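Single-letter residue listing:
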Amino acid sequence: MGKYFRAREAALPLITTVCALSLALVATRSEAADFTGNATLTSDYVWRGSTQTHGDPAAQAGFKVAGDSGFYGSVWGSSVEFAPETHASTELDFTVGWSKALSEDWALDVNVLRYQYPSTTVDLNWTELNGTVTYRNNYWASLGWSNEALGYDGNGTYALVGAKFPINDRFRFETTLAHYFLDDNVVAESGYTHGLASAVWTFHAPFELRLTAHGTDSNAKHIFGEDFAGSRIEAALQASF
C-alpha cells in the first residue's frame, strides 16, 4: 500500500552509489569475477503476493557480478504500474551482499537491498536488510527487515521458507510460504501471509517456462485492495546467462 498511495520525504539514495562502487571493486580486484544475468517476460509482476502491474505483463532484466571472496553487487529492473498519481513505470533494485557456502550442505547470503522508482513524482524508495540460509540448494529460509517497510516510516519484518523439488534435469516444482510482520505505522493490520507454487520447465537451456499460482490471506486484500492481492496465476519466460 505504501508503494501505491503514500509519499515520504526524499531520502538520499546512498545505496546506489555504494552498489556501483562495489561492482567496480569486485570487477577490478577479483581476477575470477563472475558475471551473470537474466531476462524475463511475465504475464504479471507479483511481489510478495501482490501485483505490481495491475495484473498486466512486465519486462524484467538484471545482472550480477561476484568475486571469489563472496562479495557481490547486482542490479535488477522491472516495469511497474502503480496508482496513476505516482507516475511509477519502472522499478530498479540495487543489491550489495556476501554469499558463500558454509559447508557441503549449507550456504549463507546476506545483503542490503535498495528499491528505487526513478520515474515517480513522489518518493517511494526504501531499503531492506536481508539474509537467506540454504540447505543442499533445495531448501531455504529468508528474513528481511526494514524501518521504512513498503515506503512507510515504520518497521517491517519479512519471513519466508521455501523448497524446490527436482523431477529431472528439465522439470521441477517450487513452493514458498511467507508472512510479512508490519507495525501500526505501516498498515492497520499486523501483517499478512502469502504463498506460491510453481512448475518450472527448462525446455531449452538457458530458457525456462514458469507457471505460478499465488495466494494471499484476507489481510493482504485489506492492505493492498481486492485488485492487487488474493489469488492469481502468473506465466513467465526466463533466460539466464
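A brief report on the enclosed structure follows. Within any chain, residue numbers begin from 1 and follow the written order of that chain's sequence. Thresholds applied to this predicted model are a pLDDT of at least 70 for local features of residues and 80 or more for the giving and counting of side-chain atom pairs; totals over whole chains, interfaces and linings are not thresholded and use all residues. Only hydrogens and water are removed before side-chain values are computed, so all heavy atoms of the structure are retained for them.

### Describing the overall build of the chain
Phase 1 of the analysis: Secondary structure summary: the chain contains three helices and 14 strands in total.
Phase 2 of the analysis: Here a residue-residue contact requires only that any non-hydrogen atoms of the pair lie within 4.5 Å. Sequence separation of 24 or more characterises 51% of the internal contacts of the chain that already satisfy a separation of 6 or more.
Phase 3 of the analysis: Surface summary for the chain: the accessible area is close to 12100 Å², and the carbon and sulfur share equals 61%. For the purposes of this entry, the term helix denotes a DSSP run of H or I that reaches at least four residues, the term strand denotes a run of E that reaches at least two, and both are numbered from the N terminus. Residue-level accessible areas treat just the shown protein chains as cover; the underlying method is Shrake-Rupley with a 1.4 Å probe.

### With respect to the pairing of strand β13 (residues 207-216)
Phase 1 of the analysis: Judged from the nine bridges that link them, strand β12 (residues 191-204) and β13 form a sheet pairing that is antiparallel. Looking across to β13, one finds that His 194 is bridged to Thr 216.
Phase 2 of the analysis: Turn length for the β12-β13 hairpin, with the two strands adjacent in sequence and antiparallel, is two residues.
Phase 3 of the analysis: For two strands to pair, DSSP has to find at least two bridges joining them. Where β13 lies against strand β14 (residues 232-240), eight bridges are found, and the strand directions are antiparallel. The residue of β14 that forms the bridge with His 214 is Arg 232.

### A look at the sheet that holds β12
Phase 1 of the analysis: Taken in spatial order, the 12 strands line up as β1-β4-β5-β6-β7-β8-β9-β10-β11-β12-β13-β14 and close into a barrel, and their pairing is antiparallel. Shown here is a sheet whose adjacent strand axes are inclined to one another by a mean of 20 degrees, direction ignored.
Phase 2 of the analysis: Summarising the sheet, strand β5 (residues 71-79) and strand β6 (residues 90-101) pair through nine bridges and their orientation is antiparallel. Within β6, the residue paired with Ser 74 across the bridge is Thr 95. Think of each axis as a best-fit line through the C-alpha atoms, taken over the contacting stretch in the case of a helix, with angles from 0 to 180 degrees between the N-to-C directions.

### Overview of the packing of aromatic side chains
Phase 1 of the analysis: Aromatic rings from Phe, Tyr and Trp, taking only the six-membered ring of Trp, are treated as a pair when their centres fall within 6.5 Å; an angle between ring planes under 30 degrees marks them as stacked, one over 60 as edge-to-face, and anything in between as tilted. Taken as a whole and assessed by the stated rule, the structure comprises 14 aromatic pairs.
Phase 2 of the analysis: Relative to Trp 76, the ring of Tyr 45 lies with its centre 5.7 Å away and its plane at 65 degrees, an arrangement referred to as edge-to-face. Taken together, the positions of Tyr 45 in the loop between β1 (34-42) and β2 (46-47) and Trp 76 in strand β5 put the pair 31 residues apart, joining distant regions of the chain.
Phase 3 of the analysis: Aromatic side chains Tyr 115 and Trp 126 sit 4.4 Å apart centroid to centroid with 15 degrees between the ring planes, which places their arrangement in the stacked category. Of this pair, Tyr 115 sits in strand β7 (residues 106-116) while Trp 126 is found in strand β8 (residues 126-135), placing the two residues 11 residues apart along the sequence.

### Observations regarding a nonpolar patch on the surface
Phase 1 of the analysis: Nonpolar side chains (Val, Leu, Ile, Met, Phe, Trp, Tyr) within 5 Å and like charges within 9 Å form the patches, drawn only from residues with over 30% relative accessible area and no salt bridge. Take a side-chain nitrogen of Lys or Arg and a carboxyl oxygen of Asp or Glu: if they are within 4 Å of each other, that pair is a salt bridge. On the surface, a nonpolar cluster with roughly 450 Å² of combined accessible area is contributed by Leu 41, Trp 201, Phe 207, Leu 209 and Leu 237.
Phase 2 of the analysis: Relative to the assigned elements, Trp 201 resides in strand β12.
Phase 3 of the analysis: Exposure categories follow from relative accessible area, calculated using a 1.4 Å probe and restricted to protein chains: below 20% of the type maximum is buried, above 50% is exposed, and the middle band is partly exposed. Using a relative accessible area of 41% as the deciding quantity, one classes Trp 201 as partly exposed.

### Here we look at the side chain of Thr 86
Phase 1 of the analysis: Here Thr 86 lies in the loop between β5 and β6.
Phase 2 of the analysis: Classification of Thr 86 as buried rests on a relative accessible area of 3%.
Phase 3 of the analysis: The term polar contact refers here to a pair of N or O atoms within 3.5 Å; inside protein, the definition further demands a hydrogen-donor-capable atom paired with an acceptor-capable atom, and it admits residues adjacent in sequence only when both atoms are side-chain atoms. Of the polar contacts made by the side chain of Thr 86, one reaches the backbone oxygen of Ala 83; its length is 2.7 Å.

### Considerations on the nonpolar core
Phase 1 of the analysis: Buried Ala, Val, Leu, Ile, Met, Phe, Trp, Tyr and Cys residues that are joined via side-chain atoms within 4.5 Å together make up what is termed a nonpolar core. Of all hydrophobic cores here, the largest spans 27 residues; its most connected members are Trp 47, Leu 150, Tyr 180, Leu 182, Val 186, Tyr 192 and Phe 224.
Phase 2 of the analysis: Taken together, the elements giving at least two residues each to this core come down to β7, β10 (156-166), β11 (171-182) and α3 (218-224).
Phase 3 of the analysis: Those residues within four positions of Tyr 192 in sequence are excluded, and the remaining contacts are Arg 48, Ala 178, His 179, Tyr 180, Leu 182, Asp 217, Asn 219, Ala 220, Ile 223 and Phe 224.

### Description of the environment of Thr 53
Phase 1 of the analysis: With respect to the helices, strands and loops of the structure, Thr 53 is situated in the loop between β3 (50-51) and β4 (58-66).
Phase 2 of the analysis: Each C-alpha atom of the pair Thr 53 and Ala 88 lies 10.0 Å from the other, and the pair is 35 residues apart in sequence.
Phase 3 of the analysis: In contact with Thr 53, other than residues within four places in its own chain, are Asp 44, Tyr 45, Ala 58, Ser 79, Val 80 and Glu 81.
Phase 4 of the analysis: Only 2.6 Å separates the side chain of Thr 53 from the backbone oxygen of Asp 56, close enough to count as a polar contact.

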